[in-house]
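One letter stands for each residue in the lines below.
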Amino acid sequence: MGKRKSARKPQGPKKREGLAKEFTCLFCNHEKSVHVKLDKKAGVGDLSCAVCGQQFQCRINTLTEAIDVFSDWVDAADAVAKEAANDKSSGPASYGRAGTRAPIRDREIEDQDDERRYQGEGIIDDEDDY
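Everything numeric here is computed off the predicted structure, so don't read it as measured data.

How each quantity is defined
- Residues numbered from 1 in each chain as written.
- Predicted model: local features only at pLDDT ≥ 70, side-chain atom pairs only at ≥ 80, totals over all residues.
- Heavy atoms only, no water.
- Helix = DSSP H or I, 4+ residues; strand = E, 2+ residues; numbered from the N terminus.
- Polar contact = N/O pair within 3.5 Å; in protein donor to acceptor, adjacent residues only side chain to side chain.
- Buried < 20%, exposed > 50% of the residue type's maximum accessible area, 1.4 Å probe, protein only.
- Core = buried A, V, L, I, M, F, W, Y, C linked by side-chain atoms within 4.5 Å.
- Contact = heavy atoms within 4.5 Å.
- Phe/Tyr/Trp six-rings, centres within 6.5 Å; stacked < 30°, edge-to-face > 60°.

Draft legend 1. Examining the side chain of Thr64 more closely. If you trace the backbone, Thr64 turns up in the loop between strand E4 (55-59) and helix H1 (66-89). Among the polar contacts listed, one links the side chain of Thr64 to the side chain of Asn61, at a separation of 2.8 Å.

Following this line, the structure appears as structure tokens:
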């Protein structure tokens, strides 16, 4: 005689993985060094890197998560980089402090006088004729 089949026990709800709260730093590239703290009562999200000390703050609301603060930081860093690129392309300007030299691409370099320049010794052509 056969054994009766028992009814399956109902499965509980599946556990959802939480969103990340530690990220890779944009400036020093250390993994899991950027920590985000959300103060929802004050409406402020704080982001800081434990290695290089970079910090960022932005306004948040009740639906904001840590990844939102991180993405705002990435967007702000990109905006600053684009603005700096636009400032450099607009022409020579004052470079911050007095006595600061212009970037290398803005200075004229005389090739004959530069002894530190790589002379190209030991370069082998890697295009082989078959």
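Draft legend 2. Inspection of the environment of Leu63 at higher detail. Of note, Leu63 is situated in the loop between E4 and H1. Judged by relative accessible area, which is 71%, Leu63 ranks as exposed. Between the C-alpha atom of Leu63 and that of Lys40, which follows or precedes it by 23 residues, the distance is 9.1 Å.

Draft legend 3. Broad picture of the nonpolar core. Membership of the largest hydrophobic core comes to 13 residues, with the highest contact counts inside it found for Phe23, Val34, Val36, Leu47, Phe56, Val69 and Trp73. Elements represented by at least two residues in this core include exactly strand E2 (34-39), strand E3 (44-49), E4 and H1. Ranked by residues supplied to this core, first place goes to H1 with four residues. Every residue in contact with Leu47, bar those within four places of it in the chain, is listed here: Val34, His35, Val36, Gln54, Gln55, Phe56, Val69, Phe70 and Trp73.

Draft legend 4. Layout of the packing of aromatic side chains. Across all of its chains, the model carries three aromatic pairs by this definition. Judged by centre distance (4.4 Å) and plane angle (10 degrees), the ring pair of Phe23 and Phe70 falls under stacked. Highlighted residues: Phe23 in strand E1 (residues 22-23) and Phe70 in helix H1, separated in sequence by 47 residues. Taking the centre distance of 5.8 Å and the plane angle of 50 degrees together, the rings of Phe27 and Trp73 count as tilted. Of this pair, Phe27 sits in the loop between E1 and E2 while Trp73 sits in helix H1; the two residues are 46 residues apart in sequence, bridging distant segments of the chain. Judged by its relative accessible area of 48%, Phe27 is partly exposed. When its relative accessible area of 4% is taken as the criterion, Trp73 is described as buried. The rings of Phe23, Phe27, Phe70 and Trp73 are connected pair by pair, giving a single aromatic cluster.

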